[in-house]
Amino acid sequence: MNRKNYFLKKDSLTGEILYLEYDKLDGYNITPKSNIYDAISVNKIVFVNSSLSEKIIKKKIDIKIRHFLKILETIDEDDGNNEDGVRQSLMDAERLKLNILNTYRKYLGNTYQSLTLKKIQVIINQLRIKLYNTINNKRRSSMFNDLYYLEEDEYKGRRR
């Protein structure tokens, strides 16, 4: 059985009824993730108003950029060898960049899109630098440890 979703609206002034098919509506689709007990279940929300969908997407992108900036700040403060966290953040930032290029492009203006892509590219470059530094620090420390133990073994071998 083929299921179709419709939206019915009756205008209170004129009394006319409007039928819309959801499958044919062009807008920004959201699937809600929260499930509340004893409430109406919502599987899909379609924002048809372009200015509203643009505001929602801008807010979503700004929240993610702030999150990446906090990650960069914590990486600077820690100075630890958290290579996996840096790699995951780098992949998430690149995924956000691809989402903007592929899915959000039709909802955002060109100026906001280019400015946001520049911000994300700066964040990606910083994360790449942090990843490079952590990998080099690990290599240096392992090299110094190998040299230390090598010299200690040679010293013990000469005394015997």
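Shown above is the structure to which this text applies.
Just so it is clear, the structure is predicted and the values come from calculations on it, not from any experiment.

Considering all chains together, one arrives at three salt bridges under this definition. Measuring nitrogen to oxygen at the nearest pair gives 2.9 Å for the salt bridge that ties Arg-128 to Glu-94. Placement of Arg-128 in helix H3 (residues 110-159) and of Glu-94 in helix H2 (residues 83-102) is noted, with a sequence separation of 34 residues between them. Look at Arg-128 and you get partly exposed, because its relative accessible area is 44%. By relative accessible area, which is 27% here, Glu-94 ends up partly exposed.

Close contact between helix H1 (residues 50-78) and H2 brings their axes to 11 Å; oriented N to C, the two are set at 160 degrees. Judged by the angle between their axes, H1 and H2 are roughly antiparallel. As for the relative orientation of H1 and H2, their crossing is left-handed in sense. Counting all contacts with H1, which are made through Ile-61, Lys-64, Phe-68, Ile-71 and Ile-75, the residues of H2 involved are Val-86, Ser-89, Asp-92, Ala-93, Leu-96 and Ile-100.

Conventions adopted
Residues numbered from 1 in each chain as written. Predicted model: local features only at pLDDT ≥ 70, side-chain atom pairs only at ≥ 80, totals over all residues. Heavy atoms only, no water. Salt bridge = Lys/Arg side-chain N within 4 Å of Asp/Glu carboxyl O. Helix = DSSP H or I, 4+ residues; strand = E, 2+ residues; numbered from the N terminus. Buried < 20%, exposed > 50% of the residue type's maximum accessible area, 1.4 Å probe, protein only. Axes fitted to C-alpha atoms, helices over the stretch in contact; angles between N-to-C directions. Parallel < 35°, antiparallel > 145°, perpendicular 65-115°, else oblique. Left-handed = near helix turned anticlockwise from the far one by under 90°. Contact = heavy atoms within 4.5 Å.

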